[in-house]
Structure formats: structure tokens, C-alpha cells
Amino acid sequence: MKADTHPDYHMITVKMTDGTEFQTRSTWGKEGDTLTLEIDPTSHPAWTGGQQRLQEGGRVAKFNKRFGGLSLKKG
């Protein structure tokens, strides 16, 4: 193997949104740094099955809602 081609793996601490922490090897930061997550699987609706925002129609519905009263007829 060539020297100095692989990233430096070291131990960091990952802090979840609920305050729990665990240690893992990573190329992020420096040895002993703490990575604080803003979103993780314990809090994100995509993983927890929480409330999801429903679409209120597609592009055509939005266009019609915005410009539905306009007419091209000459009168």
C-alpha cells in the first residue's frame, strides 16, 4: 500500500439529541472531539413515524389557486 493515501481514523464522541453519547471511529474532527447531532434517528419524523406534512396539491393546483381568477377572454 502507498503511504499517506488513507484517511486518519480516530476515536470521537457522538452526542445524540436526547443527550446519550457513544464513541466511534471516524475521519471527522480530531481525536477526542464531540460531534453534536441536530437530527438523529431518535428524533426525526422519517424514522419515528411522527407527523408528516401532506402536500396540498401539485404544481397545477398551486397555479390554479394563485391565478385561477384570471381570464384570457377579450370582452
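Everything below is about the structure printed above this text.
Residues numbered from 1 in each chain as written. Predicted model: local features only at pLDDT ≥ 70, side-chain atom pairs only at ≥ 80, totals over all residues. Heavy atoms only, no water.

A. Seen up close, the side chain of Asp40. Tracing the chain through its elements places Asp40 in the loop between β3 (34–36) and α1 (45–48). Buried charge without a salt bridge: Asp40, with Lys15 as the nearest opposite-charge side chain at an N-O distance of 11 Å. Polar contacts involving the side chain of Asp40 include one to the main-chain amide nitrogen of Thr17, which spans 2.8 Å. What Asp40 contacts, discounting residues up to four positions off in sequence, is Met16, Thr17 and Trp47. (Helix = DSSP H or I, 4+ residues; strand = E, 2+ residues; numbered from the N terminus. Buried < 20%, exposed > 50% of the residue type's maximum accessible area, 1.4 Å probe, protein only. Lys, Arg positive; Asp, Glu negative; His and termini not counted. Salt bridge = Lys/Arg side-chain N within 4 Å of Asp/Glu carboxyl O. Polar contact = N/O pair within 3.5 Å; in protein donor to acceptor, adjacent residues only side chain to side chain. Contact = heavy atoms within 4.5 Å.)

B. Here's a closer look at the packing of aromatic side chains. Tallied over the full model, the rule gives 1 aromatic pair. Between Phe63 and Phe67, the ring centres sit 5.1 Å apart and the planes meet at 45 degrees, which makes this aromatic pair tilted. With a gap of 4 residues between them, Phe63 and Phe67 both fall in helix α2 (residues 59–67), about one helical turn apart. Taking relative accessible area as the criterion, Phe63 reaches 48% and is therefore assigned partly exposed. (Phe/Tyr/Trp six-rings, centres within 6.5 Å; stacked < 30°, edge-to-face > 60°.)

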